[in-house]
Amino acid sequence: MNTETPKTDKPLDFIRQIIAEDIATKKHEEITTRFPPEPNGFLHIGHAKSICLNFGVAAENNGTCHLRFDDTNPDKESTEYVEAIKRDVHWLGYDWGEHLYYASDYFTQLYNFAVKLIEMGKAYVCHLSGEEMRTYRGNLTEPGKKSPYRDRSIAENLQLFEQMRNGEFDEGTCVLRAKIDMASPNFLMRDPVLYRIMKTSHHRTGDKWCIYPMYDFTHCLSDMLENITHSLCTLEFENNRPLYDWVLDTLQTPCHPQQIEFARLNINYTVTSKRKLLELVEDSLVSGWDDPRMLTLSGLRRRGYTPASIRAFCEGIGVGKRESWIDMGILENAIRDDLNTNAPRVLGVLDPLKVVITNYPEDSTETLEALNHPQNNQMGKRMLPFSRELFIERSDFMENAPKKFFRLSEGREVRLRYAYLITCAKVIKDENGEVVELHCTYDPESRGGNAPDGRKVKGTIHWVSAAHSLQAEVRLYDRLFTEEFPDADKEIPFKNFLNPDSLQVLTDCRLEPNLANASASDRFQFERQGYFCIDSEDSSAQHLVFNRIVTLRDSWAKLAGKK
RNA sequence: UGGGAGAUGGUCUAAUGGCAAGACAGCGGACUCUGACUCCGCUUAUCGGGGUUCGAAUCCCUGUCUCCCAGCCA
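Computed from a predicted model, the values in this text were never measured in an experiment. (Residues numbered from 1 in each chain as written. Chains lettered and ligands numbered in written order. Predicted model: local features only at pLDDT ≥ 70, side-chain atom pairs only at ≥ 80, totals over all residues. Heavy atoms only, no water.)

## Some words on the packing of aromatic side chains
Aromatic ring pairs: the centre-centre distance and the angle between the two ring planes describe each pair. Operational definition: The rule is short: rings of Phe, Tyr and Trp, with Trp giving its six-membered ring, pair when the centres are within 6.5 Å, and they are stacked under 30 degrees, edge-to-face over 60, tilted in between. Here a helix means four or more residues in a row that DSSP labels H or I, a strand means two or more in a row labelled E, and each is numbered from the N terminus. The buried label applies to any residue whose accessible area, calculated with a 1.4 Å probe on protein chains only, is under 20% of its type's maximum; exposed applies above 50%, and partly exposed to all values in between.
Summed over all chains, the structure comprises 22 aromatic pairs. Between Phe 107 and Tyr 212, the aromatic rings sit 5.7 Å apart at their centres with planes inclined by 70°, giving edge-to-face as the arrangement. One end of the pair, Phe 107, is in helix H4 (residues 107–119); the other, Tyr 212, is in strand E7 (residues 211–213), with 105 residues separating them in the sequence. Summarising the aromatic geometry, the rings of Tyr 215 and Phe 237 are spaced 5.1 Å apart at their centres and angled 35° between planes, so their arrangement reads as tilted. Here Phe 237 lies in the loop between strand E8 (230–234) and helix H8 (241–251) and Tyr 215 lies in helix H7 (residues 215–225), a separation of 22 residues in the sequence. Judged by its relative accessible area of 23%, Tyr 215 is partly exposed. By relative accessible area, Phe 237 is classed as partly exposed at 23%.

Written out as structure tokens, the structure reads:
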């Protein structure tokens, strides 16, 4: 596993600048970061940015990055998600080593900190209902009002809080609140809730607790307990920072991590929100969290994206404080870039059209040599069977083709990749006028693809030998949404913008026989088509299923589309 | 409306008082046994207005716009 970021002259982002400064001034000797997911869903591409940042920054500074599950809300969390998250972080290429933590492991310590706060007169048990509390909180212009329970004695609060823990109160009857400032312009400082009663069994602590700490109380203290130096989170937590600092300052903790906020990743033509992804899964609008159209890490993995390409993508988009929308094309470019250099090439016909080489001997077969990678000889060669009956791509033939169409048409000559030059002599149609077969002649002198007379042939097309080809199902994916910003309008549900053509299943594709040995971890370029991999869930030796990871750039389609 | 944050080509990112740079997209061309890759060229930007300065994307003032916050979610 090599996830080391090569040392370059690339300027440091603002977070790395802060950290470099902290090291230079000896504020910290060692850097410790953390990636703190809540196990209430699968990780997506947005998390990848955070993972790469946190693990990357730690590695660059010979520090440590913890994986900590922020599991303080048992209503939504499960071990299934914990396992999926661990798998995905590992897959992305990062290793937390022994530093696997759970906020739930701190519940006892957290409880003691809460007691300490009460003893300091900085927290109280409040019996206001949720509705009342909202009213008391005030609004944007008006300060909040003090809760009538705010001045309970320390002894009473201690007593009440213990009763809360012992399950003597029903859910919703009371909470523990910090005593800060009901007039603060920052709502989070208007006596925020620290603990609530939830009589829900927790996936790790079972029924040991019936009160659970809130995020703002848990996160800073968890960071502190783990000696985190830099607590990196997204912009929406900027308002939470004063509270983060208040808890640690008030408790006078020996360690006070610095929270730094950065802009979350947004990508157009998709949604990156666990809630919305969950909705797609629960409504069966996709096949699951790992549907190859989803930008979850498991979806990207199944789609065929490499961890390296996702890391390169995350590095490329940078880290800043300005909210931005990354074009989906940048992600696609990252995987193309990787696969262009690393994926062996093969021939595969997605929409087969039969070709008979009329002057080729019947019942004869030969094998032709093909390069696995035209720019990289080290990837070696392979043999391709050739015979009288072939399949070519239907879109590589056109009747009454324009001059710029460098492919097959009646009377025109093209090269079959690594094979022969052929000329189309006759077009066979069915009763509906549909082209069903082509009769061609080949130039026996052009074996390998070059004519001895040196004549130039502009077009080269891919093919497979009919009798030797493998039949396969191929799934073509397109962006999941038709709108660039599917969740932009709060009035219109994002699901209205699902792309009906985001999945196209081709059932009669014909692939070169070498693909029979392909394994789920292999990725190939089907020449002139795109990059493909075996579908890890549905493919079998009896029924091959390939996913299209991404298309090749297609300047012909662009040209043709203009007309 | 109170508070917090942010505005650089179509999109993202850099320049940290000294020639506004790079990536992606787009356009044009070269090359090509993948209309791929690669290579070359081009178009396009400092939110507005004032100020400080020899010099401002950067510092100051002011205006505008966008995002976040009124969960017993994280």
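## What to know about the packing of helix H11 (residues 307–317) against helix H12 (residues 328–342)
Applied cut-off: For every element, the axis is a line fit to its C-alpha atoms; helices are fit only across the contacting stretch, and the angle between N-to-C directions ranges from 0 to 180 degrees. Convention used here: angles under 35 degrees read as roughly parallel, angles over 145 as roughly antiparallel, angles from 65 to 115 as roughly perpendicular, and any remaining angle as oblique. Throughout, a crossing is termed right-handed when the near helix is turned clockwise from the far one, and left-handed when it is turned anticlockwise from it by less than a right angle. Note on definitions: a residue-residue contact is assigned when non-hydrogen atoms from the two residues lie within 4.5 Å. When residues are sorted by character, Ala, Val, Leu, Ile, Met, Phe, Trp, Tyr, Cys and Pro go into the nonpolar class, Asp, Glu, Lys and Arg into the charged class, and all the rest, Gly among them, into the polar class.
The interhelical angle for the contact between H11 and H12, taken along N-to-C directions, is 135°, at an axis separation of 9 Å. By the angle between their directions, the pair H11 and H12 is classed as oblique. Once H11 is placed against H12, the crossing between them reads as right-handed. Contacts between H11 and H12 involve Ala 308, Ser 309 and Phe 313 on the former and, on the latter, Ile 330, Leu 331, Ala 334, Ile 335 and Asp 338. Of the residues belonging to the contact of H11 with H12, the class tally is 6 nonpolar, 1 polar and 1 charged.

## Regarding the layout of surface pockets
The following threshold applies: Space inside and on the surface of the protein is sampled on a 1 Å grid over the protein atoms alone, with a cavity defined as a set of points where a 1.4 Å probe fits but cannot get out and a pocket as an open set with protein on both sides within 12 Å along at least 5 of 7 lines; lining residues have an atom within 4 Å of a point. Grid points are joined across faces, edges and corners, and a volume is the space filled by probe spheres set on the points.
Put simply, the largest pocket is a space of about 1,100 Å³. Surrounding the largest pocket, 36 residues form its lining, Glu 38, His 47, Phe 237, Arg 264 and Lys 274 being those nearest its centre. Where the lining of the largest pocket is concerned, the elements lending two or more residues are strand E1 (32–35), helix H2 (45–60), H7, E8, strand E9 (258–262) and helix H9 (274–282). Looking at the lining of the largest pocket, its residues break down into 12 nonpolar, 13 polar and 11 charged.

## Describing the protein's contact with RNA strand B
Test applied: The nearness test applies per residue and asks whether one of its heavy atoms lies within 4 Å of the molecule or strand. Residues adjacent in sequence count toward polar contacts only when both atoms are side-chain atoms; beyond that, a polar contact is any pair of N or O atoms within 3.5 Å, and within protein one must be able to donate a hydrogen and the other to accept it.
Taken together, 65 residues form the shell around RNA strand B, and within it Gln 17, Thr 141, Arg 322, Gly 448 and Arg 553 come nearest. Sugar and phosphate atoms represent 61% of those atoms of RNA strand B found within 4 Å of the protein. Here Arg 196 contributes a side-chain N or O atom positioned 2.9 Å from a phosphate oxygen of RNA strand B. Between Arg 528 and RNA strand B, the recorded distance is 2.7 Å, taken from a side-chain N or O atom to a phosphate oxygen. Looking at the surface near RNA strand B, the element that brings in the most residues is helix H13 (residues 555–562), giving 4 residues. Grouping the amino acids of the surface near RNA strand B by side-chain chemistry returns 21 nonpolar, 20 polar and 24 charged.

## Observations concerning the sheet that holds strand E3 (residues 100–102)
Spelled out, the test is: Only strands joined by at least two bridges in the DSSP assignment are considered to pair.
As summarised here, the arrangement of the 3 strands in space is E1-E2-E3, forming an open sheet in which the pairing is parallel. The open sheet has two free edges, formed respectively by E1 and E3, since each of these has just one partner strand. Averaged over all pairs of adjacent strands, the angle between their axes in this sheet comes to 35°, without regard to strand direction. Pairing of E1 with strand E2 (residues 64–69) involves 4 bridges; the strand directions are parallel. Counted as the bridge partner of Thr 33 is Cys 65 from E2. Contacts between H2 and the sheet are confined to E1 and E2, with E1 contributing the most and set at about 160° to the helix.

These values are about where atoms sit, not about what they do.
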